[in-house]
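Chain residues, written in single-letter form:
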Amino acid sequence: ATGLSIWAAVIARSRRAVPGSNSFGWLMLAVAHWCLISALHALVAETGARIALNKVQFLSVASIGVLWLSFASGYARVGWPSRPGVLGALWLIPVTTIVLAITNEAHGLIWTDISLSETPWGGRLVYTPGTWFWVQVVFSYVLVAIGSWMLAVGVSTFPPGPRTRCVR
């Protein structure tokens, strides 16, 4: 998944004339980061290292919703999400989430507890979500829903030529 996401990012970078390609490239890099860190988290045995990897993973986890909305609005040619004030406001929750993940031991807003669960493949860390974790989840899902709606409406209003070329 990491390799395919990086490949998609490289392709998006080579097609800069396509609306939304820059945002799509960043989205794919975030997905690649998420997948890679998740794999490392599963492979590392030491609990402290796994917790540190989980914190690093929030760089991509928290960014996916905004990047998806940015891609969808660019591709569907909807301008309001890319306005500087709107875009800055959209990044407030992800940036706050990343800071809270890094400093979680001080407040427990991202996860309140971590327990070890034994599986046939070894021990897995189970994170009990904190309050801010759910704020981030709801925020991300709302942005993904809005972006998906933008794509559906945008693609349905494209002239027939581009639509049929995309299907072939």
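Structural data are supplied above this passage.
All values derive from a computational prediction rather than experimental measurement. (Residues numbered from 1 in each chain as written. Predicted model: local features only at pLDDT ≥ 70, side-chain atom pairs only at ≥ 80, totals over all residues. Heavy atoms only, no water.)

Caption draft 1: Local environment of the packing of helix α4 (residues 64-75) against helix α7 (residues 131-157). At a closest axis distance of 8 Å, the pairing of α4 and α7 adopts a crossing angle of 15 degrees. One element, α4, and the other, α7, form an angle in the roughly parallel class. When you trace α4 past α7, the crossing you get is left-handed. Side by side, α4 and α7 meet where Gly65, Val66, Trp68, Leu69, Phe71, Ala72, Ser73 and Tyr75 of the first sit next to Phe139, Ser140, Leu143, Val144, Ile146, Gly147, Ser148, Met150, Leu151 and Val155 of the second. (Axes fitted to C-alpha atoms, helices over the stretch in contact; angles between N-to-C directions. Helix = DSSP H or I, 4+ residues; strand = E, 2+ residues; numbered from the N terminus. Parallel < 35°, antiparallel > 145°, perpendicular 65-115°, else oblique. Left-handed = near helix turned anticlockwise from the far one by under 90°. Contact = heavy atoms within 4.5 Å.)

Caption draft 2: The arrangement of the pairing of strand β1 (residues 111-119) in detail. Pairing geometry for β1 and strand β2 (residues 122-129), over eight bridges, is antiparallel. Counted as the bridge partner of Glu118 is Gly123 from β2. (Pairing = 2+ DSSP bridges.)

Caption draft 3: Inspection of the environment of Gly48 at higher detail. Considering the arrangement of structural elements, one finds Gly48 in helix α3 (residues 47-61). Of the residues examined, Gly48 reaches a relative accessible area of 38% and is grouped as partly exposed. Taking C-alpha positions, Gly48 is 28 Å from Leu27, a pair spaced 21 residues apart along the chain. (Buried < 20%, exposed > 50% of the residue type's maximum accessible area, 1.4 Å probe, protein only.)

Caption draft 4: Region of interest: the environment of Val155. Mapped onto the elements, Val155 comes out in helix α7. A C-alpha to C-alpha distance of 26 Å links Val155 and Ala1, two positions 154 residues apart in sequence.

Caption draft 5: Structural context of a nonpolar patch on the surface. On the surface, a cluster of nonpolar side chains totalling about 390 Å² of accessible area is made up of Ile6, Val10, Trp26 and Leu29. Those elements that provide at least two residues to the nonpolar patch are α1 (2-14) and α2 (21-43). Relative to the helices and strands, Leu29 is located in helix α2. For Leu29, a relative accessible area of 38% gives the class partly exposed. (Patch = residues over 30% accessible without salt bridge, like charges linked within 9 Å, V, L, I, M, F, W, Y side chains within 5 Å. Areas by Shrake-Rupley, 256 points an atom, 1.4 Å probe, with all protein chains shown as cover. Salt bridge = Lys/Arg side-chain N within 4 Å of Asp/Glu carboxyl O.)

Caption draft 6: Layout of unusual backbone geometry. For Arg77, which is not glycine, the phi torsion reads 60 degrees and is therefore positive. Here Arg77 shows up in the loop between α4 and α5 (84-90).

Caption draft 7: Representation of the nonpolar core. Ranked by size, the top nonpolar core spans 11 residues in total: Ala8, Ala9, Leu27, Met28, Ala30, Ile64, Leu67, Trp68, Phe71, Ala72 and Leu151. Of all elements in the fold, only α1, α2 and α4 reach the threshold of two or more residues within this core. For this core, the leading source of residues is α4, giving five residues. In contact with Trp68, other than residues within four places in its own chain, are Leu27, Leu143, Val144, Gly147, Ser148 and Leu151. (Core = buried A, V, L, I, M, F, W, Y, C linked by side-chain atoms within 4.5 Å.)

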